[in-house]
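Observations on chain architecture
The residues making up each chain are set out below.
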Amino acid sequence: MISITTEKIIDEKRQGEAIKMKGGSEHKKLYMESYGCQMNFSDSEIVASILIAEGFSTTQDPKNADVILMNTCSIRDNAEQRVRNKLSQYQKQKRENPKLIIGILGCMAERLKKNLLEEEKLVDLVAGPDSYRDLPILIKEVESGQKAVNVLLSREETYADISPVRLGKGGVTAFISIMRGCDNMCSFCVVPFTRGRERSRDPYTIVKEAQDLFNQGYREVTLLGQNVDSYRWNINKKNEVIDESKPVVNFANLLEMVALVNPDLRVRYSTSHPKDMTDEVLETMAKYENICKYIHLPIQSGNNDVLKRMNRGYTKEWYMNRIEAVKRILPDCAISTDIITGFCGETDEEFQDTVKVMKEVKYNLSYMFYYSERPKTLAERRFDDDVPLEVKKKRLQEIINLQLEMSKEYHQTCIGKTYKVLIEGTSKKSVSDAYGRNSQYVTVIFPIENYKIGDYVNVKIDSATSTTLIGKAVK
Ligand code: 5AD
Ligand code: SF4
């Protein structure tokens, strides 16, 4: 879990303006906490923007808050349990301060809807991912003594016109949401139920947001979507052009448009889907130095029967063909993945196929999980969650160990090489060390000397751990 809070982020001038402009909510303090994927963190910035425009200011301390909003994740059961524990804690605070408003946003709000209000009595307000524009009204409803819920999913909402208030630290890297929802229906996944149908955001608003960020001093943007390869603008799912007078924009085109904002603005993206990833995207990445050479390509399992049960829409052979394309077109590209162990019916042999693929691809980084059955998903309806928890965990540990070894090995091969690093901050251990990332998304630590946060520096690597490269700046 990563949780962020929002104080300091919004500069005082902007807060002041908002307070002058609006009546009613001035001096109300908002505390936000985000869980789960990058998309949730990005959404929290949209929520902060909406509420600051209504006169709210933010606080980093929940004890000072008039409104506490938790932006939540449902992807695995333990993510939900963590939120429940935190909500119970805030309920204690509410007993001392009955005016405190506690709201839940995001995937858990969408999945559990009124239950959180009526049965579990954990919150006053429930807002799903497509209803954030409604938050000021929902908060007013709670203030007038009602409970407030909006969990309607939309086919259109992309919050395209809302300029997010940046909540992250540093002011160097930022997320830009390019699409919402997912139409894939992977059988294990709750996202299509909590975030609704896939829709793409107007590319010109995306480019403008990237340009604005660059003007404010940001040097890296990450374009976010559940399946960025199916980004499409001005063309429908049947491949019919919607408005002949305007260009059609696919994900490769969008990447190029953002890369052209400025050669000093790095561009990353997440997440690709193996069934949809095109050579055109890879070729666009090769064409622009500022598009980072890093691809996150979730495989989930290396066995074709498991992939079929997962409804992933590709085979291991198809996936390996995509990996070969990455290695051919982008020889210096790092590749990471997501893997689930112990999915319904997974045998030892099937699991060993995943181990084999990991060794073949030699991932630089993997995000690994054991399967957690989610209500209403295809898997829950169709298959038994029959792999014992100890087996799921044992398999998970095996691949974690393997990945650790592979990452260590990869980082050893970086020693002696020089990488262009964007400084994101100073190291936790010492303010005289800078930390940043290279194009391949590996963290690099080096003496900061006279360099500043936001500078690009060429760093020669002289040692490495399983997670980090350590070096010195070279002129
Ligand atoms: N159980 C375990 N892991 C899951 N993921 C998605 N749903 C589940 C689930 N029910 C993992 C997938 C996905 C990542 C974001 O989370 O690997 O790519
Ligand atoms: Fe879930 Fe699959 Fe969509 Fe990813 S692509 S959000 S795993 S349904």
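To be clear, the structure that these remarks concern was listed above.
This text gives an overview of the structure that appears in the document. None of these values were measured; they are calculated from a predicted model.

1. Side note on the pairing of strand β1 (residues 29–34)
Along any regular strand the residues' side chains alternate between the sheet's two faces. Most of β1 is tucked away, with five of its six residues classed as buried. With two bridges joining them, β1 and strand β2 (residues 57–58) adopt parallel strand pairing. Counted as the bridge partner of L30 is T58 from β2. As defined by bridge partners, β1 adjoins strand β3 (residues 67–72) across five bridges and the pair is classed as parallel. Residue E33 lies in a different strand from β3, and its bridge partner there is M70.

2. Side note on the sheet that holds strand β19 (residues 443–447)
Taken together, the five strands give a closed barrel; going around it, the order is β17-β18-β19-β21-β20, and neighbouring strands pair in mixed fashion. When strand polarity is set aside, the average angle formed by the axes of neighbouring strands in this sheet is 55 degrees. Summarising the sheet, strand β17 (residues 418–426) and strand β20 (residues 456–464) pair through five bridges and their orientation is antiparallel. Looking across to β20, one finds that K420 is bridged to N458.

3. So, the pairing of strand β15 (residues 334–341)
The element β15 is largely enclosed, with a buried count of eight among its eight residues. Neither face of β15 is exposed, since A334, S336, D338 and I340 on one face and I335, T337, I339 and T341 on the opposite face are all buried. Pairing analysis gives six bridges linking β15 to strand β16 (residues 365–370), with the strands arranged parallel. Bridge assignment links I340 to a residue of β16, and that residue is F369. With helix α13 (residues 348–361) bridging β15 and the parallel β16, this β-α-β connection has right-handed handedness.

4. Topic: the site of ligand 2
In the vicinity of ligand 2, the residues found are C182, N184, M185, C186, F188, C189, V191, P192, Q226, H273 and R312. Looking at the shell around ligand 2 residue by residue, the class counts come to seven nonpolar, three polar and one charged.

5. Considering the packing of aromatic side chains
Within this structure, the stated rule accounts for eight aromatic pairs. Ring geometry for Y132 and Y159: centres 6.0 Å apart, planes at 15 degrees, overall stacked. One end of the pair, Y132, is in the loop between β5 (125–127) and α6 (135–143); the other, Y159, is in the loop between β6 (148–150) and β7 (173–177), with 27 residues separating them in the sequence. Like Y132, the residue Y159 is buried in the burial classification. Ring centres 6.3 Å apart and planes at 75 degrees place the aromatic pair F343 and F383 in the edge-to-face group. Placement of the pair is F343 in the loop between β15 and α13 and F383 in the loop between α14 (378–382) and α15 (389–413), with a sequence separation of 40 residues.

Each value, and the rule that gives it
Residues numbered from 1 in each chain as written. Chains lettered and ligands numbered in written order. Predicted model: local features only at pLDDT ≥ 70, side-chain atom pairs only at ≥ 80, totals over all residues. Heavy atoms only, no water. Buried < 20%, exposed > 50% of the residue type's maximum accessible area, 1.4 Å probe, protein only. Helix = DSSP H or I, 4+ residues; strand = E, 2+ residues; numbered from the N terminus. Pairing = 2+ DSSP bridges. Axes fitted to C-alpha atoms, helices over the stretch in contact; angles between N-to-C directions. Right-handed = clockwise from strand over helix to strand, strands pointing away. Near = heavy atom within 4 Å. Nonpolar A, V, L, I, M, F, W, Y, C, P; charged D, E, K, R; others polar. Phe/Tyr/Trp six-rings, centres within 6.5 Å; stacked < 30°, edge-to-face > 60°.

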